[in-house]
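# Descriptive structure summary
One-letter residues, chain by chain:
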Amino acid sequence: MPSCVTWVKPPVESATFTSTHFPTGTMIHFDPTTNTFNLVLATSLYAFRADDEGRLLHMAWAPRPVGAPTDLVLGGPGFDSLPRADELPLTRRFELNTFCDSVQQEVALKVTFRDSPIPIRDVRLRYAGHEIVTDAQPGLAPTHGQPTAVSTPRETLRVRLADPAQPLEVTLCYRLTPEHDIIERWVEIANTGAQPIEVEALAFATLHFPNGTTELTSAAGWWTREFTATRERLPMGIRSIEQRSLQTGHYANPFFLLNRPGQAWEETGVVYFGALAYSGAWRIVFEQLFTLDVRCQVGYNPFDFGLTLMPGERHITPAVVIGVCAEGWGGASRRLHAFALERVLPRPADGPAFRPVLYNSWEATYFNLSLEGQIALARKAATIGVELFCVDDGWFGGRRHDRAGLGDWFVSPEVFPEGLEPLIAEVHRLGMQFGLWVEPEMVNPDSELYRAHPDWVLHFPGRPRTEWRFQLMLDFGRREVVEHIYGVLHSLLSRYAIDFLKWDMNRYATEPGSVVGRAIWQAHTAGVYEIMDRLRRAFPHLQIESCASGGGRIDLGILARTDQVWTSDNTDAYDRIRIQEGYSLAYPARAMMAWVTHAVNHQTGMTSPLSLRFDVAMRGSLGIGADLNQLDEAELAEYAQYIAFYKRIRPVVQGGRLYRLQRLEEYGASVIEYVSPDRREAVYSVAVMSYQQGWVRPPAPLCGLDPDAMYSVTDRRGVEVYRAAGLELMTAGIPGDAFGGAAYSRTLYLRQIREPD
Ligand code: DGJ
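As the structure is a prediction and not an experimental result, all values here were calculated from the model.

## A few points about the overall build of the protein chain
Each helix and strand in the protein chain was counted, giving 14 helices and 36 strands. For a compact globule of 757 residues, the expected C-alpha radius of gyration is about 27 Å, and the protein chain comes in at 27 Å, within 12% of that figure. By principal-axis analysis of the C-alpha atoms, the protein chain measures approximately 85 × 75 × 45 Å. Across the 757 residues of the protein chain, 61% fall into the buried class. Across the protein chain, the fraction of contacts at a sequence separation of at least 24, relative to all contacts at a separation of at least 6, is 71%. Summed over all atoms, the accessible surface of the protein chain reaches about 27,400 Å², with 54% contributed by carbon and sulfur. When the 72 positive and 89 negative side-chain charges of the protein chain are each reduced to one mean point, those points stand 1 Å apart.

## Things to note about the nonpolar core
Ranked by size, the top nonpolar core spans 93 residues in total, and within it Trp395, Leu535, Phe614, Leu628 and Tyr639 carry the most contacts. In terms of residue count, helix H12 (residues 633-655) provides more of this core than any other element does, nine residues in total. Residue contributions to this core reach at least three from each of two domains, namely domain 2 (358-488 + 498-528 + 546-654) and domain 3 (661-752). Beyond its immediate sequence surroundings of up to four residues, phenylalanine 614 is in contact with Val596, Leu622, Ile624, Tyr639, Tyr642 and Ile643. With 60 residues, the next largest nonpolar core counts Leu56, Val111, Leu168 and Val320 among its residues.

## Quick word on the domain arrangement of the protein chain
Under the domain assignment used here, the protein chain contains domain 1 (19-344), domain 2 (358-488 + 498-528 + 546-654) and domain 3 (661-752). For domain 1 and domain 3, the distance between their C-alpha centroids amounts to 38 Å. Listed per partner, the contact involves five residues of domain 1 and four residues of domain 3. Contact with domain 3 buries area across many residues of domain 1, yet Arg231, Trp265 and Glu266 alone supply 81% of it, more than any other trio. Across the domain 1-domain 3 interface, the total number found is two salt bridges. Of the charged contacts, one joins arginine 231 and glutamate 665 as a salt bridge, the two residues approaching to 3.1 Å between their closest N and O atoms. On inspection of domain 1 and its partner domain 3, the count reaches two residue pairs in polar contact (both at pLDDT 80 or more). Its residues placed into classes, the side of domain 1 that touches domain 3 shows two nonpolar, no polar and three charged.

## Thoughts on the sheet that holds strand E33 (residues 681-688)
Backbone-to-backbone hydrogen bonds pair the strands of a sheet. The strands run either parallel or antiparallel. The six strands lie next to each other as E31-E32-E33-E36-E34-E35, forming an open sheet whose pairing is antiparallel. With partners counted over all chains shown, the strands left at the sheet margins are strand E31 (657-662) and strand E35 (720-725), one partner each. The average angle at which neighbouring strand axes cross in this sheet is 20°, direction not considered. Docked against the sheet, helix H11 (residues 610-617) engages E33 and strand E36 (745-753), running at close to 50° with respect to E36.

## What about the sheet that holds strand E27 (residues 543-546)?
Here eight strands make up a closed barrel; going around it, the order is E21-E22-E23-E26-E27-E28-E29-E30 and the pairing parallel. Going from strand to strand, the sheet's axes swing by 30° on average, the running direction of each strand aside. Bridging between strand E29 (residues 592-596) and strand E30 (residues 621-624) involves four bridges; their strand directions are parallel. When the sheet's bridge partners are listed, alanine 594 is paired in E30 with leucine 622. Most of the contacts of helix H8 (residues 520-538) go to strand E26 (residues 500-503), to which it runs at about 175°, and overall it touches E26 and E27.

## Observations concerning H12
Each α-helix turn comprises 3.6 residues. Residues three or four places apart therefore point the same way. Given a rise of 1.5 Å per residue, 23 residues ought to cover 33 Å, and the 33 Å separating the end C-alpha atoms of H12 matches this to within 8%. Of all bends in H12, the biggest is about 55°, found at isoleucine 649, and the proline proline 651 comes one to four residues later. Along H12, the residues classified as buried are Leu636, Tyr639, Tyr642, Ile643, Phe645, Tyr646, Ile649, Arg650, Val652, Val653 and Gln654. Its side-chain oxygen 3.2 Å from the backbone nitrogen of alanine 634, aspartate 632 forms the N-cap of H12.

## Details of the packing of helix H4 (residues 371-384) against H12
Two numbers describe how H4 lies on H12: the axes approach to 8 Å, and their chain directions differ by 50°. With respect to each other, H4 and H12 are oriented oblique. Residues Lys380, Thr383 and Ile384 of H4 lie in contact with H12, whose contacting residues are Leu636, Tyr639, Ala640 and Ile643. For the contact of H4 with H12, the residue count by class is five nonpolar, one polar and one charged.

## So, the packing of helix H7 (residues 479-495) against H8
Two numbers describe how H7 lies on H8: the axes approach to 10 Å, and their chain directions differ by 30°. The angle between H7 and H8 places the two elements in the roughly parallel class. Our pair here, H7 against H8, has a crossing hand that is right-handed. Residues Arg479, Val482, Glu483, Ile485, Tyr486, Leu489, His490 and Leu493 of H7 touch H8, and the partners they reach there are Gly527, Glu530, Ile531, Arg534, Leu535 and Ala538. Along the lines of polarity and charge, the residues of the contact of H7 with H8 split into eight nonpolar, two polar and four charged.

## Quick notes on the state of the cysteines
By the definition in use, this model includes zero disulfides. For the unlinked cysteine cysteine 325, the closest cysteine sulfur is that of cysteine 703, found at 13 Å. A relative accessible area of 1% places cysteine 325 in the buried class.

## Section: the packing of aromatic side chains
In the structure shown here, the tally under the stated rule is 39 aromatic pairs. Considering the side-chain rings of tyrosine 46 and phenylalanine 48, the 6.0 Å spacing of their centres and the 75° angle between planes classify their relative orientation as edge-to-face. Residue tyrosine 46 is classed as buried on the basis of its relative accessible area of 1%. You can call phenylalanine 48 buried: its relative accessible area is 0%. With a centroid separation of 5.8 Å and an interplanar angle of 55°, the aromatic rings of tyrosine 46 and tryptophan 61 are classed as tilted. On the criterion of sequence distance, the pair formed by tyrosine 46 in strand E3 (residues 44-50) and tryptophan 61 in strand E4 (residues 56-63) is long-range, its members being 15 residues apart. Side by side, tyrosine 46 and tryptophan 61 carry an identical accessibility label, which is buried.

## Some words on the layout of surface pockets
In this structure, the largest pocket spans a volume of roughly 610 Å³. What lines the largest pocket is a set of 35 residues, and nearest its centre among them are Gln137, Pro142, Arg154, Arg175 and Arg343. Listing elements by their share of the lining of the largest pocket, those giving two or more residues are helix H2 (328-344) and helix H9 (556-559). For the lining of the largest pocket, the element with the highest residue contribution is H2, accounting for three residues. Residue composition of the lining of the largest pocket, by class: 16 nonpolar, 12 polar and seven charged. Taken domain by domain, the lining of the largest pocket gets at least three of its residues from each of domain 1 (19-344) and domain 2 (358-488 + 498-528 + 546-654).

## Regarding empty space enclosed by the protein
Following the criterion strictly, the structure yields five cavities of 30 Å³ or more and no others. One number sums up the size of the largest cavity: a volume of about 170 Å³. Lining the largest cavity are 22 residues, with Ser584, Ala589, Arg619, Leu658 and Tyr674 sitting closest to its centre. The greatest single-element share of the lining of the largest cavity, amounting to five residues, is contributed by helix H10 (residues 573-584). Taken together, the residues of the lining of the largest cavity break down into 11 nonpolar, six polar and five charged. A domain-level breakdown of the lining of the largest cavity finds at least three residues from each of domain 2 (358-488 + 498-528 + 546-654) and domain 3 (661-752).

Criteria and thresholds
Residues numbered from 1 in each chain as written. Predicted model: local features only at pLDDT ≥ 70, side-chain atom pairs only at ≥ 80, totals over all residues. Heavy atoms only, no water. Helix = DSSP H or I, 4+ residues; strand = E, 2+ residues; numbered from the N terminus. Rg over C-alpha atoms; globule rule 2.2 N^0.38 Å. Buried < 20%, exposed > 50% of the residue type's maximum accessible area, 1.4 Å probe, protein only. Contact = heavy atoms within 4.5 Å. Areas by Shrake-Rupley, 256 points an atom, 1.4 Å probe, with all protein chains shown as cover. Lys, Arg positive; Asp, Glu negative; His and termini not counted. Charge placed at Lys NZ, Arg CZ, Asp CG, Glu CD. Core = buried A, V, L, I, M, F, W, Y, C linked by side-chain atoms within 4.5 Å. Domains from an automatic or database assignment. Buried area = accessible area lost by both parts, 1.4 Å probe. Salt bridge = Lys/Arg side-chain N within 4 Å of Asp/Glu carboxyl O. Polar contact = N/O pair within 3.5 Å; in protein donor to acceptor, adjacent residues only side chain to side chain. Nonpolar A, V, L, I, M, F, W, Y, C, P; charged D, E, K, R; others polar. Pairing = 2+ DSSP bridges. Axes fitted to C-alpha atoms, helices over the stretch in contact; angles between N-to-C directions. Expected span 1.5 Å × (residues − 1). Bend = angle between axes of the 7 residues up to and from the residue. Parallel < 35°, antiparallel > 145°, perpendicular 65-115°, else oblique. Left-handed = near helix turned anticlockwise from the far one by under 90°. Disulfide = S-S within 2.5 Å. Phe/Tyr/Trp six-rings, centres within 6.5 Å; stacked < 30°, edge-to-face > 60°. 1 Å grid on protein atoms, 1.4 Å probe; cavity = no way out; pocket = protein on both sides within 12 Å on 5 of 7 lines; lining within 4 Å. Points joined across faces, edges and corners; volume = space filled by probe spheres on them.

Below, the structure is given as C-alpha cells:
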C-alpha cells in the first residue's frame, strides 16, 4: 500500500466540451487547460476545478454579475491561498469532504477498509474523468413512470473521483434546472475491490458558502406546531438540524435558507437555499470555520448509520436540491416552489389541473363511522361544492378506537355491512371523487396481523417494544412485509373505486431493530416509496396525500410520489397562519392541504370567525373538515359561497408565484399575494394572528404585477372594492387593512382590465 497517493491526469472523456466552444443550450462547461468546471444557470453560477493533484476544489457559487463579459470563472491557483500552509487541510474547499487529513471537521464521507492489519479509514479522492448525460437519476427517484408538469431532459455533470490507493470510486453528480437556478446534487459510491467496505457517514453533498454567510432560516416544531420558522446566527463551529427517525419529522424540516446577516430581506439580497429529496433520517450540519468560511454537509444522518458496500456494489444517494438567488427569501422560496410544481409533483396527463376541494370526515365523526352518517355528510359536502370526499380512520378491521385494528386492511362489516360499495357509489353519483385513509406502516398489537406475525415489527429480540398511540412499526426491511402491504393495498384499490388515499404515519421509531440492521434508516423510506410508486403505476388515476400526524412527512422526496400533504393536525386558523407561513418558505401552495373546521377549534379551543378560517385555508389547497350536520342552511350557503370563490382564485393560488408582503414577525399579521405567471391575475390575502390595540398596519405594496396594466380588485362576492394601475398597487398597496383588528382577514381577487381609450 503506498504511503502517499499519486495522481495521473486522466483523459477528458467528452470531446464535446472545450473552454471556447459550447454546444447551444449547454450549461455545463469544462476548460481542460485549467480543469475548471462552470455550471451556468439563469442568474447564478457554480464553479469548481481539479487542482494539480487532481483534488476537486470548490471555487464559486453565486449570483452572476449582470452584464459580465463572460459567464465563466476561469480558475487559477489563487483560490487556495491561505497564509499558513499547514492550515490548508482544515480550510481547503473540497467538493466533497472526506475523512483524511483534517479529521477535526465534519465530513461527507467516512468509510472503513478492513483489508489491512490496521483498518484504513482514510479516503483521498482524485479526479478520474467526467461525462455529461441527460438521463441521470438520483437515488430513490420515483419509479411510478408518471410525468411531471415539465419533463424536458436536463443535463447532469457526473465527475468521477477515485482513491488511487483504495478500491473506492465516488461520482459527484450535478443535475441542472437552469431556469430556476437549481442544481440537484447527489453522490454515487462504488466498491471496486474484493472486500466489503463499511460506510459510516455519507452525505449527498458538501456545500461551501461565502465567508460570513451565517444567517440561517429553518423550520422547527412539533406535532400541531410544525414549520415554526426560526432565524438565527450560526455559531462558530457547528449547528446541525436533523431528524433521527423513519419519516421526515416534526422537530425540523430538511430545508434551509442562508444569507449574510443584514444583507437579505424578503425580496432583496443574496440567499442560498437547499432542500432534501428524502424522507428518512437526515442531517444538515453547518460549520463556521475560524476563517469565517461556512460549509455544510447534507444528507443521511450519521447517527446509527451503517451501510456495507459489497464488492462490485454501488450506492446512489438521494438528492439535495440547492440554489442561490439575489431576490431575498421570497426569491428562494419561489424557485423551490417552481421546481416542485414543474419537476417534482407527479402530473399524470389526464389528472386534475388543480387540486380538488376536499372534505375529510375525521373531525366530524372521529371513530364513530356509519354508512348513513358518511352518506349524510357526503350529500351536504356535494351541495356546498366539495369535489373529493375522504373517509378517515376507523373503517377497517377492529378499528373502533385507536387501540386496535391497525394492520387489518379489510372493510369492517360492523361499520359498512355491505362493504364500501354503497358509499362509493353515492359519492360518485354526487359527482365527487372518493378517498380513503390508511396507515400502512403500522400495526396495533391488538390486530390479526400482529397476532399472525409478531416478528414483523421493528424490535430487538427479548427487549421491550415501546408503543406510541398503542402501535408498533412494521419492519420495512423485510421484503415479505413490503410485499404484504403492497398486496393488501393493491387488493383494496382493485376491489373499490378509490380515487385518493390519505397515507398516514403516526409514530416515531423507538427500538429500530430490523432484519437489515442499521440499513433500516434508509430501507424504511425506500419501502414506502416503492409501495407508493408501484401503486401509482398500477392505478394511474390514484392520488395520494402524505400525512404523518399532520406535517411529519413533508419533503421533496415524498412530494415526488404524492399529490398533496397534510400540513398539520392543528386546524386552528390563528395557528395555521404561522404554520403555513413556515411551510411556504420551501413548499408550494398547491400541495398544502388546509381545512376549514369548527368555530371552536378541536385542538386549541380557540374561537375564530368563518371568514378567518376560509381566508387562511384558501391560501393553500382548500379542504373542509367541519361537521356539516352542525351547520344550518345559512351557514352551508356561506360555505358554498366561499368554495365557489375559491374555485375562481384556485388557478392563481395553486399555480401562481407567492410573495410574502408582510410577515408575522413584523406585524403580527401575514399579508401574502399570489400572481399568475402571465401577471394578469393575482390574489391578495390578509390575516391577523395577534393584535394589539393601537396598531396601525401600513399598506403592503404588492409585487410582481404589470406596472402598466390596470387591475380591478374584487371581493368574494364579486364586488369591485378598488381599481388601480399595477404601478400604484406596487408602490402604495391596497388601502383598507390598516385598522383590521383581532381575527381580521380578507381575500381579494385582482384581474387586469382593459379600460376604454
Ligand atoms: C393523524 C392525522 O393527522 C389525522 O388527520 C387523522 O387522520 C388521524 N391521524 C386519524 O387517526
